[in-house]
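This is what each chain is made of:
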Amino acid sequence: MKKIILLIIILFLSGCNAPDKATPLEEPVLLSAAFEEAFHQGLEAAKNKEWETALSYFKASAQETPFYPPLIFNLGLAHKNLGHRLAALSWFKAYLKVA
């Protein structure tokens, strides 16, 4: 867990520029039933440390709603726990840009 926090801090300090003012989203994110089903199954698999299964469900979720920040973070987390460091880094960077 400490490694994840350190990674996020490093990524943030390495060039993620936050806007001066927070701006509201133009449109709310609408989550389909298919997205919610796959995403929640991915979360359950992640809780059980079934990372391959979680990654599969998170990828299925991304087909429905690719720019949902919690999904992007969990894709990074699944890749990290599978040892896919480069993929995890890419997903965590993407998360910092959309969060």
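Here, every reference points to the structure presented above.
If you're wondering where the values come from, they're calculated on a predicted model, not measured in any experiment. Residue positions are given per chain, counted from 1 along the sequence in the order it is written. Per-residue local features of the predicted model are confined to residues with pLDDT of at least 70, and side-chain atom pairs are confined, for both listing and counting, to 80 or more; whole-chain, interface and lining totals are unaffected and use all residues. The side-chain numbers reported here are obtained from all heavy atoms of the structure, hydrogens and water having been left aside.

## What to know about the nonpolar core
Selection rule: As used here, the term nonpolar core means buried Ala, Val, Leu, Ile, Met, Phe, Trp, Tyr and Cys residues forming a set that is joined through side-chain atoms within 4.5 Å. We call a residue buried when its accessible area falls under 20% of the maximum for its residue type, exposed when it is over 50%, and partly exposed in between, using a 1.4 Å probe and counting protein chains only. Secondary structure elements follow DSSP: runs of H or I of four or more residues count as helices, runs of E of two or more count as strands, with numbering from the N terminus. Here, residues are in contact when the closest pair of their heavy atoms is within 4.5 Å.
Within the largest apolar cluster, 12 residues are counted, these being Phe35, Phe39, Ala45, Ala46, Trp51, Ala54, Leu55, Phe58, Leu71, Leu75, Leu77 and Ala78. Sorting the residues of this core by element identifies helix 2 (33–47), helix 3 (51–64) and helix 4 (69–81) as the ones contributing at least two each. Apart from residues lying up to four places away in sequence, tryptophan 51 is in contact with Ala46, Leu77, Ala78, Asn81 and Leu82.

## Quick look at helix 4
Note the threshold: Given the number of residues in a helix, its expected span is that number minus one, multiplied by 1.5 Å.
Helix length check: helix 4, at 13 residues, gives a terminal C-alpha distance of 19 Å against a target of 18 Å (1.5 Å per residue), a fit within 8%. For helix 4, the full list of buried residues reads Leu71, Ile72, Asn74, Leu75, Gly76, Leu77, Ala78 and His79. One or two residues past the end of helix 4 sits glycine 83, with phi positive at roughly 85°.

Keep in mind these numbers describe shape, not what the thing actually does.
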